[in-house]
Every structure is written in C-alpha cells, then in structure tokens.
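Notes for the structure review
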Amino acid sequence: MEGKELGLWRSSVIGAIGLLVFLSLWEVLVRTNVIDPFFLPAPTQVIDKAIQMTTAKDAVLLTDIKISATRVLTGFLLSVFVGVPAGLIMGMNPVIRAAINPIISIIRPLPALSWIPLSMLWLGIDEQQKYAIVFMGSFASILVYTTDATMRVDPILRRAAMNLGASPLQILRYVILPGALPDLLTGLKVVLAIAWTCVISAEMVGANSGLGFRIWTAKEWSDTGQVLVGMISISVTVLVLDILFRGLERVLLPYQRKTSGT
Amino acid sequence: MSEALIKFDNITKRFSLRKGDIVAVKDFSLEIKKGEILTIVGASGCGKTTLLNMVAGFLTPSSGNILLDGQPITKVEPRCGMIFQNYALFPWLSVRKNVEFGPKINGVSKKVRREESAKYIEMVGLKGFEDAYPGELSGGMRQRTALCRVLANKPDILLCDEPFAALDAMTRQIMQQELLRIVNESGQTVLFITHSIDEALILSDKIVVMSVRPGTVKHIYDIELPHSGKVEVQLTDEYLKLKRQIWAMVEEEVKISMNIVSS
Amino acid sequence: MKTWLFRITFVCFFIIFLFFSISCTDKSPSNQVIVVGSQWYGHIPVWIGIEKGIFKKYGFDVKWQFIGKSMDRLNAISSGDAHFASLGEIAMLSAMAHGNTRFYWVGNQDIAPGFEGLVAKEGITSFEQLKGKKIGFPFGASVDITCRLLLKQHGLDPKKDVRLVNLEVGDVPSVFQTGRIDAAIIWEPGFSQLVSIDGATVLGMDTDTEVYKKFGTMTGPDVLIINKAWSDEDRLRAKRFMKAYFESLEWVDYNPEEAVKLIQGKYINQDLSLIQKNIEKFIWHDIEDQRRIMTDNGIFGQADYIIRILHEDMKVIPNKPDFRKWVNLDILSF
C-alpha cells in the first residue's frame, strides 16, 4: 500500500503546490533580506532576468538553448551509435565483456570536466571538442546500461527463438534488441540527463554561446540572476526532453502500456 | 523398430561442477514412435529435463546419441518444438506475431504466414485475441499461444517441459484436454515431462518412470486407458490401480533422492 | 521496535555530531588572516609580508591561498572565508553593480602598464588582417576591455568583425601555440609565453588604449579589497593589518631584487631574470600615495570611465554603481 500511485492529476496538483510553497518561501526570505539578493535573487527577479534575456534586442537565451541542445544531442547520439552496438556485443559475449569491463570501470567514474585538457589537446577548441566532452561524459554509461539491458533479456527467450530455428543474427535482431529495448530506453533517458550535465564542462573553454557559457560568463560578471536563469534553463530543457522521451517510449513499447499492472 | 522417430541410444550425461562430476543421466535408452504420446515421470532431479534439453539440442550427451529419424541430433533442432513451463513468449509481440515468429524467420511469405497462423490460432481457441500481447492474457491463454507458436513451426515432435505446472488446477485440467484434442487432430508425436502422475495417466500412450541420479529407465508402462481426457477416467478402477503402482515406484525414488539430499 | 528506536537515536547522534564538528571547524583563531591571489606580481607585498615575517611582527598569522580569477577571489571574500585580496578593478566594479556589499575598497597598490597585450600568430601583422579571425582570452577580465578598446581604435567591431573565444587564463598560451586561435590577449606571465612563440607579433598593448592615454593606468588596475564584516568587527585589527601590508609594500619598493629572489619559485614559476626585468616597470603606491590616488583626480575618474564602458558599450552590468560607497579610507589612517 505504501507504494500506491496517486494518479497523474492528483500527483501533479500536489507537486504544483509543493513547488509554489517552495518558491513563496524563497521569495519571502529574499524580500525580507534574510537572504542577501546578491547571493540568491528572488524567483521574481530571476523571472525578470529570464524575460529580459528572451525579449531584449540582443536576446540570447533561446539561441543559447538551441546551441547547447545541438552540442548535447550530437555528443549523446554519437555515444548511442557507438555505445549501443558495443553494449549489445558485450551483453551477449562473456569473453568480450570480461575484456572490456575493466577499461569501462576506469573511464566511467571520470567527470566530463576532467576530459577538458586532453580534449583540447586532441581536438582544439571548436565544436568537435564540445561533442567529445559530452561523448566522454555519456559513452561509458550508455555502454553499461546497454550491456545490463542485454544481459537481463530472459535466456529462455533466446532458447525459444533458437528452438524455432533462429540464427544468432536473427536472435540479435528479433529477440535481444526488442527484449533489451525497455531497459535500454530507461538507461538512455538517464544518460541523456547526464549528457546535459556535461554542457557546463563542454562550454567552459572556447565557447561564446550556449547555456554553460552563459553561466560561466555570468559568474565572471557576478551576475547571479543570469547564473540562475542558465541553471533553470538546463533543468527545463531536460524536463522537456524527458517528456519527449516518454512519448518515444510509448510509441516503441506499445505492449508495456497495455500490460502495465499485470 | 525402424519406425522410431526418436531413439535414445545409451545416453549418459555428466555435468562438471566445482564439487566434482554429477551424472544426471546414465545409460538411458528409449524409443518414441511416430504419433505416440510418451510421458516421462520421475522425482525432481532425476534428469528428465536434461533429457528433454538434449533432444532439443540445447545440451549434448556426454556419450551416446539421440537419433531423430535415424540422424544424430548435434545442434539446436527446430524439428523438435519445445513448450516451456514459463511459456517463453516474446512479450513485445502480439499473439499473432508470436505464432508467426517461426515461419517468419524461416522465410515463409507474409501471406502464407497469415493464413497458417489464423488456422492454428483458431485450433487452439485463441480467435479474437490475435492482437493481444502476452501480458494481457491469462496463464492458460499464454500456454495456448506457446503451443500454437510451436505448432505453426510444424515440428516432428512436441517436447513439453511440465508446461502446465504453473497453471491453477482447473485451467490445467482444461489445458490437458485441449492438448489431447489438438494432438489427436494433428497426429503429433509428443514427449511430455511431468511429475504429476495424474497428468501422465490422462495424456499418455506410454509412461516411463525414471530412477533418480543417475537417471535411468526404471519401468515402462503401456497405457490403454481411453484418451478422451474426460475427468471420469480418473475414477475407474484400472486408472486407480495404475496410479497406485506408479506412485509406489515414484515414491521409492523420491525417498532415495531425499536421503541423498539430506546426507 | 527496539532496532527502530536504536536507528533513530543513532541518526540523531550522527546529525548532532555533524553540526558539532562543522561549528568547531568554523572557529579559526582570530589572528589568522586568509589572503587569496594568483601568480601576478601585484601580490608580491603579501608574499614578502609572509616571507619576511612582517605580518607576524604585527601579530597576524597570514595564510596564502591560490585563486586564479579576480571574481573568484571576490566571492571568496564575500563568503567570509577569505579576508583580504588584490584583484582586478573590473571584477570589483561588476560585483558592486550587482549589489555585493560585503567588502570595502581600500586601495590601489600599483601601476603596472605594459603587461598585457594582443599577440597575433605568424602571418598576421596588422589589425586589418584580424578581420574574421579568432581571438582568445578570458571573458570578463581586464583583457576583455583592452581587446575591445584596441579593436575599436582600429576600426573593427568586436561583435561582427572578429570571433571572440572564451578561454581559461592558463589555457591561453597553449591554445595559441597550437594555432587554434589566430590571436590572443593576456597579461603576465602568460604574455611572455605568447611573445616567445615563433612568428608571434604584438599588435597592441594596454598602454595603447585610450584608458592609458587619459588616466595613465592599465585597463583593469589592481585594487585592494577587504572583507567588510571582518573589518567592522575589529577596526583596530583591520588598521593594524593594513599597516603591516603597506610596510611590506615599502620593503618591496626599496628592495625589488631581493624581494624577487625571495618569492621566485615559491609563488611565481617564471625565470628570475624575467621577473627582475618586469618588476622594474612596476610603480608601487605606498600609504602616502593612497590619499592622492583614491580620489576623483586619481583612480576614481578612471573607474567612472570603465563603468561607462561596462554599462553602455558592453552592457554587462545592469547599472552604474556608486563605487564611492564601498571605499573605506579610514582603515588606512593609523
């Protein structure tokens, strides 16, 4: 009974109330000078700043979002194209898995930020370097999620397919891939959010646009309001992408929606 | 005896474990004729599932050969269609797509596929549920789908690994009758594994009782009960006498196996 | 039920312990002063004060902590974790415009023009050739303004005619060396590294800008900042600290060669001869100079000028802060 769902409508109403209480408390604390607005501007001040950044003559916010999204999605898709096939192979072949696992264990905990020096040395300061930062920040996780998803496919299904005459390639195409898809999509959703956290690292050097860049320069100019707008923009963008991803899941996994709860 | 569809020729299967080798099956010989429904009963751990997996080609015997139509089985054999206890249906495919899986990967055209699947779906009584996903079905319907999927692949023999063990008693009874009806309709050869003596008696032409570890043939019964699958059969004297005999034999083996476990 | 109670008690104790340990670490000895800064020559008086024991003489235990960027130093002071620093004027003015009131502006310890310049790679020898090229520097630093001023003076629009690239201070020389940017602008010690690269041409220095011509200062002069709460808490202590600081500065002014020897290798990783040569160009402002410089005729006029550029031309600050409210010269009267 403890894990009972509240239902979409009720949970969103409660969520909205929670958010409202949080924002009001924040607003009051700043307006009564309990919190110095220089350290943390009030929500209304942040909204003002956001409006200013979207409507002014040289408005930058929407362009920033677009540019950052391009960088993140390019790096992320590169990770998917390399990580998913590699993960499938690793999931199916214990020898390859045993050989690659230690390497992945070394790479995976490295923060995207730590790749800046090497990526600059190898790729310079252009867009490739930014894609590389996002790639390095998300690749190992995608590989691990794919491997796990592949390994979680019930081995009895492989047997059933073999018994029906499927070749190894057909098993990969018709059993492993669709069988791993639900876990794989869940993993990719998590990694997409991780990829967004890399944008700060990716836009630390050699950038002159993007949300990460905007946060860094706002810091140099002591513009806390703009820092917050940048941060919230990242959250909102990830949230929107998450919703889009859910839509993709519904399209790709129709059977899950129909059979949920059984 | 040349008409044997499956022939176990002195099969031994050893598994190497860390503690040492375990002989699961030893010197096992048996023949299954075309059109026959043969059931293997035995205590758990007597190696009956190992036997089935060897026929399907998932395992290879340590010594001896299993012959299918006189040819040794060396790889996974689609001609031996397996029905798993846990259905093993593809949850992302509808009933129809599950049934068409075998024909599809074997290159049967879409049109023929559709016609055949419709025929088999009707045969197992799933008409109207073609577009449902396995997750939406009851256990009995899932097992019908699994049966249907194997039949659509036109195997020479049906291997059933305790297929009704996960079902409730009533559904189980109905499924047993259904299986009999379908098998009688199509003249399928069936190798059935169960630990339920009732199930064996209702379904089989022949019952093989296995001894435990190492698994060998202990006794073979030819059953001449009417195969209507009707519940009434179970109340006849002949039925009860057979049941008592087989149970006495199996009980002995169960006790042995429990002693082995506890020692 | 028993384990449940045990767990709750355990968690409570853990939280109390955490609070206790945090509040304990917060209590640093009252004579300890945290000073933050970079490898820039403007910090020499602090280093000498530590090395020669001048701060100790006045009863201070000064801890030096490296923070490379001006705004990061200012934030460290605003948070209360650091007490004193020298930093670039631009970061200070920008923080003022955004309403940071946690510090005093107490001085301008030096004039050191000619230490930051725009350097182009091989093949580029004039501003005209810079058109459409990439110029790298740390955004928001003094070079940000120097670069814009130089470009404008030569008829180039910083927004349209060139591509400006944000780089970390330390990355500028290496990125320039690989040829991935066409020009770079940075101050010492990075500037010497840029000039030493084969084929590099100095296109302009901060001394070429209108700011230098008008006020005789660099674009972003060094300013001295002190934590407000720490000063207000004990005025005499703050005065005593400033006295010690300016005593160190005077010692540096009179013994430049010896000063450089004391700090080279420990605080700056540059050749001794290079520091010696550079330090000759430094004009130190002692305590007497401060009364003359911290006026409208001195650095305040220059600050007004920079504020106008920041607010009107670059639009990076939302208002023109009245920086005089942050100035505290009382601390310097002892």
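On a predicted model such as this, the values are computed, not experimentally measured, just so you know.

1. Re the interface of chain A and chain C
Taken residue by residue, the interface counts 23 residues in chain A and 32 residues in chain C. Roughly 2,300 Å² of surface becomes buried between chain A and chain C when both sides are summed, with 55% attributable to carbon and sulfur atoms. For the pair chain A and chain C, the number of links is four salt bridges. Here K219 of chain A and D72 of chain C are joined by a salt bridge, their closest N and O atoms 2.8 Å apart.

2. Side note on the sheet that holds strand β8 (residues 189-194) of chain B
Residue and element names in this part refer to chain B. Here six strands make up an open sheet; going across it, the order is β6-β7-β8-β3-β9-β10 and the pairing mixed. Two strands close off the open sheet at either side, each with one partner strand: β6 (80-83) and β10 (217-222). Each strand of the sheet is rotated relative to its neighbour by a mean of 20 degrees, with strand direction disregarded. Bridge analysis of strand β3 (residues 37-41) against strand β9 (residues 206-210) gives four bridges, and the strand direction is parallel. Bridge pairing in β9 places L38 opposite K206. Each of β6 and β7 (157-161) touches helix α4 (residues 139-152); the most contacted strand, β6, lies at about 170 degrees to it.

3. Points about the pairing of β6 of chain B
The two faces of the sheet receive side chains in turn, since in a regular strand these alternate between them. Residue and element names in this part refer to chain B. Taking every second residue as pointing to the same face, both faces of β6 are buried, with C80 and M82 on one and G81 and I83 on the other. Direction of pairing for β6 relative to β7: parallel, over a ladder of four bridges. Bridge assignment links C80 to a residue of β7, and that residue is I157.

4. Brief notes about unusual backbone geometry
For residues that are not glycine, phi is negative in most cases, and the peptide bond is trans in most cases. Cis peptide bonds are those with omega within 30 degrees of zero, and the linkage from E188 of chain C to P189 of chain C qualifies with 0 degrees. Turning to its location among the elements, P189 of chain C is positioned in the loop between β9 (183-187) and α8 (190-195). Its identity is not glycine, yet Y87 of chain B carries a phi of approximately 70 degrees, on the positive side. Structurally, Y87 of chain B is set in the loop between β6 and α2 (95-105). According to the relative accessible area criterion, Y87 of chain B is buried, its value standing at 12%.

5. Quick notes on the domain arrangement of chain C
A common measure of how large an interface is: the accessible area buried when the components associate. Residues and elements named next belong to chain C. Split by domain assignment, chain C resolves into domain 1 (26-112 + 221-332) and domain 2 (116-215). A C-alpha centroid distance of 26 Å is found between domain 1 and domain 2. Facing the 15 residues of domain 1 at the interface are 17 residues of domain 2. Summed over both partners, the interface of domain 1 with domain 2 buries about 1,400 Å², with 71% contributed by carbon and sulfur atoms. Per-residue buried area on domain 1 facing domain 2 is highest for I90, Y305 and M314; these three make up 36% of the total on that side. Here domain 1 and domain 2 share two salt bridges between them. The closest approach of N and O atoms between E168 and K69, which form a salt bridge, is 3.2 Å. On inspection of domain 1 and its partner domain 2, the count reaches three residue pairs in polar contact (both at pLDDT 80 or more). With seven residues, the top contributor of residues to the side of domain 1 that touches domain 2 is helix α15 (residues 299-313). Partitioning the side of domain 1 that touches domain 2 into residue classes produces nine nonpolar, four polar and two charged.

6. Quick word on the side chain of D36 of chain A
In this structure, D36 of chain A sits in the loop between α1 (8-31) and α2 (43-55). Residue class for D36 of chain A comes out buried when judged on its relative accessible area of 16%. Polar contacts involving the side chain of D36 of chain A include one to the side chain of R102 of chain C, which spans 3.4 Å. Sequence-distant contacts of D36 of chain A, that is, excluding residues within four places in its chain, are made with T101 and R102 of chain C.

7. Remarks on the nonpolar core
Ranked by size, the top nonpolar core spans 181 residues in total, and within it I6, F8 and L191 of chain B together with L130, I135, F241 and M242 of chain C carry the most contacts. The dominant element in this core, judged by the number of residues it contributes, is helix α8 (residues 168-197) of chain A, at 11 residues. If we ignore the near neighbours within four places in the chain, the residues touching L191 of chain B are F8, I32, L38, I40, L52, V55, I157, L158, L159 and C160 of chain B. Counting 48 residues, the second-largest nonpolar core is a separate cluster that includes I83, F164, L179 and V209 of chain B.

8. With respect to helix α4 (residues 94-107) of chain A
Residues and elements named next belong to chain A. Taking 1.5 Å as the rise per residue, α4 with 14 residues should run 20 Å; its terminal C-alpha atoms sit 20 Å apart, in good agreement. Largest kink in α4: about 35 degrees, centred on I100, with the proline P102 one to four residues after it. The backbone nitrogen of V95 has a side-chain oxygen 2.9 Å away, supplied by the residue at the start of α4, namely N93.

What counts, and where the lines are drawn
- Residues numbered from 1 in each chain as written.
- Chains lettered and ligands numbered in written order.
- Predicted model: local features only at pLDDT ≥ 70, side-chain atom pairs only at ≥ 80, totals over all residues.
- Heavy atoms only, no water.
- Contact = heavy atoms within 4.5 Å.
- Buried area = accessible area lost by both parts, 1.4 Å probe.
- Salt bridge = Lys/Arg side-chain N within 4 Å of Asp/Glu carboxyl O.
- Pairing = 2+ DSSP bridges.
- Helix = DSSP H or I, 4+ residues; strand = E, 2+ residues; numbered from the N terminus.
- Axes fitted to C-alpha atoms, helices over the stretch in contact; angles between N-to-C directions.
- Buried < 20%, exposed > 50% of the residue type's maximum accessible area, 1.4 Å probe, protein only.
- Domains from an automatic or database assignment.
- Polar contact = N/O pair within 3.5 Å; in protein donor to acceptor, adjacent residues only side chain to side chain.
- Nonpolar A, V, L, I, M, F, W, Y, C, P; charged D, E, K, R; others polar.
- Core = buried A, V, L, I, M, F, W, Y, C linked by side-chain atoms within 4.5 Å.
- Expected span 1.5 Å × (residues − 1).
- Bend = angle between axes of the 7 residues up to and from the residue.

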